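A closer look at the structure
Residue-level listing of the chains:
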Amino acid sequence: MTRMKTGIVGCGNISAIYLQNLAASEWIEVVALADRFPAKAQERAAEFGIANACTVDELMEDESIELIINLTIPASHAAVHLAALEAGKHVYGEKPLAVSLEDARLILDEAVKHNLTVGCAPDTFLGSGMSTARHAIEQGLIGRPVAGTAFMLGGGPESWHVDPEFFYEYGGGPMFDMGPYYLSALVHLLGPIQRISSSTGIQIQDRVIGSGPKAGTPISVQTPTHLAGTLDFVGGPIVTMIMSFDVRGGTELPRIEIHGTEGTLSLPDPNFFGGDVRLRRAGSEEWETVEPVFESSHNERGIGVEDMVKSIVENRRHRASGELAYHVLEAMHAFIRSSAESRHVTLESSYQVPEARSDHSKL
């Protein structure tokens, strides 16, 4: 089988794990790297033995490259995606699909126009944790899902991140940073979201960069840092969700729980691929660990783009798709709108979750 020749745009921190994992891929061959700072592309190319470190324009003009992996910052996602599609290349990017819904819709429309495929992180829900949870739900271990909780509570990234300003700009905050992991997992498990109601705010305004050359520099907070809401799913479950950068004292709340008519599932952190899924059956006082459908032992970022390339060859729907990413993006914007407009927000998009693989494998 001929691997799909691929170029990566954006050679920051997250590019390393993609390059490390895709080096062993049977489906993808990374042949070129580009970054707006040429030295970054050259450094990554030397580190991973990639022959071509070039400009973004040169990468887009290379007719041998069929796929672009977009690892730029969120504000650049739409421009790079659209350039790739205009150049006749499939594209897979880091989350979110775009900052605005208008740009995200344009990306999907352009993909259809050019008969190309769009994919988007996160792909963590393809790991053993969420795959095991989905199998448990499908096997009826908790009966019919009726409710759930999802919590991501922390103090924000400014204490450790050397360039944290973009986390607090439009398109940032805990919802746009971590929300995609939680929402993608919930949709994967429970199906599409129907409507959302929420309250949001900037509960801690004063923030300072805590490390690196900018240490001590104040941060201007321009987006909600605490969001609490309720999600009504089309299939009936009601989920309570809180995303926060304003919790500095820690928490004992679970990451995700799914409650059914016959029991509860406690799920691992959706930012990771593995972790135990625990089950407490109705009437029991004990938690039991559900046998995983397969093992995820490390950071497997990149399996989503591998699944996308394989789906192109097999002419099927892939799972970490642009359509899923759009539905998740609309849900994140609905959190903001609901609070600002003091009303429920009904989502216009929907999403049909692909059937689980019969062999329960990642790919």
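These remarks concern the structure in this document. Note that the structure is predicted; figures quoted are calculated from it, not measured.

What follows concerns the overall build of the protein chain. The secondary structure content of the protein chain amounts to 9 helices and 17 strands. Its C-alpha atoms give the protein chain a radius of gyration of 20 Å, within 12% of the compact-globule value 21 Å for 363 residues. Summarising its shape, the C-alpha atoms of the protein chain cover approximately 60 × 50 × 35 Å along the three principal directions. For the protein chain, the residues scored as buried account for 56% of the 363 residues in total. Pairs at least 24 apart in sequence give 72% of the contacts found in the protein chain among residues at least 6 apart. Put simply, the protein chain shows about 15,900 Å² of open surface, and 48% of that area lies on carbon and sulfur atoms.

Within this structure, the stated rule accounts for 0 disulfides. We note that Cys-54 lacks a disulfide partner, and the nearest cysteine sulfur, in Cys-11, lies 9.1 Å from it.

Here we take up the sheet that holds strand 16 (residues 288-289). The 9 strands are arranged 16-15-14-13-7-12-11-8-17 in an open sheet whose pairing can be described as mixed. Sheet topology places strand 16 and strand 17 (345-346) at the edges, where each strand pairs with a single neighbour. Here strand 11 (residues 226-233) runs beside strand 12 (residues 238-244); their pairing, made up of 7 bridges, is antiparallel. Within the sheet, the bridge partner assigned to Thr-230 lies in strand 12 and is Thr-240. Contacting strand 7 (145-153), strand 13 (256-260) and strand 14 (263-267), helix 6 (residues 128-138) runs over the sheet at an angle of about 170 degrees to strand 14. Across the face of the sheet, helix 7 (residues 173-190) comes into contact with strand 7, strand 8 (193-201), strand 11, strand 12, strand 13 and strand 14 while running at roughly 160 degrees to strand 12.

Between Lys-95 and the following residue, Pro-96, the backbone shows a cis peptide bond with an omega angle of -10 degrees. Structurally, Pro-96 can be placed in the loop between strand 5 (90-93) and helix 5 (101-113). Residue Pro-122 follows Ala-121 across a cis peptide bond; omega there is 5 degrees. In this structure, Pro-122 sits in the loop between strand 6 (118-120) and helix 6. One non-glycine residue with positive phi stands out, namely Asn-315, at about 55 degrees. On the secondary structure map, Asn-315 appears in the loop between helix 8 (303-314) and helix 9 (322-341). Of note in the backbone geometry, Ser-342 takes a positive phi value of approximately 55 degrees without being a glycine.

Relative to the helices and strands, Arg-301 is located in the loop between strand 16 and helix 8. Despite its burial, Arg-301 pairs with no opposite charge, the nearest such side chain being Glu-94 at 4.7 Å. At 3.0 Å, the side chain of Arg-301 and the side chain of Asn-271 are in polar contact.

Let us look at the pattern of salt bridges. Under the counting rule described, the total for this entry stands at 19 salt bridges. Notably, a salt bridge pairs Arg-207 with Asp-246, separated by 2.4 Å at the nearest N-O pair. With a gap of 39 residues between them, Arg-207 in strand 9 (residues 207-208) and Asp-246 in the loop between strand 12 and strand 13 connect regions that are remote in the sequence. According to the relative accessible area criterion, Arg-207 is buried, its value standing at 3%. Arg-316 serves as the salt-bridge partner of Glu-314, at 2.7 Å between the closest nitrogen and oxygen. Relative accessible area serves as the criterion here: at 38%, Glu-314 is assigned to the partly exposed category. Classification of Arg-316 as partly exposed rests on a relative accessible area of 27%. Among the charged side chains, a network of salt bridges with common partners joins Asp-307, Lys-310, Glu-314, Arg-316 and Arg-319.

Reading the values: rules and limits
Residues numbered from 1 in each chain as written. Predicted model: local features only at pLDDT ≥ 70, side-chain atom pairs only at ≥ 80, totals over all residues. Heavy atoms only, no water. Helix = DSSP H or I, 4+ residues; strand = E, 2+ residues; numbered from the N terminus. Rg over C-alpha atoms; globule rule 2.2 N^0.38 Å. Buried < 20%, exposed > 50% of the residue type's maximum accessible area, 1.4 Å probe, protein only. Contact = heavy atoms within 4.5 Å. Areas by Shrake-Rupley, 256 points an atom, 1.4 Å probe, with all protein chains shown as cover. Disulfide = S-S within 2.5 Å. Pairing = 2+ DSSP bridges. Axes fitted to C-alpha atoms, helices over the stretch in contact; angles between N-to-C directions. Lys, Arg positive; Asp, Glu negative; His and termini not counted. Salt bridge = Lys/Arg side-chain N within 4 Å of Asp/Glu carboxyl O. Polar contact = N/O pair within 3.5 Å; in protein donor to acceptor, adjacent residues only side chain to side chain.

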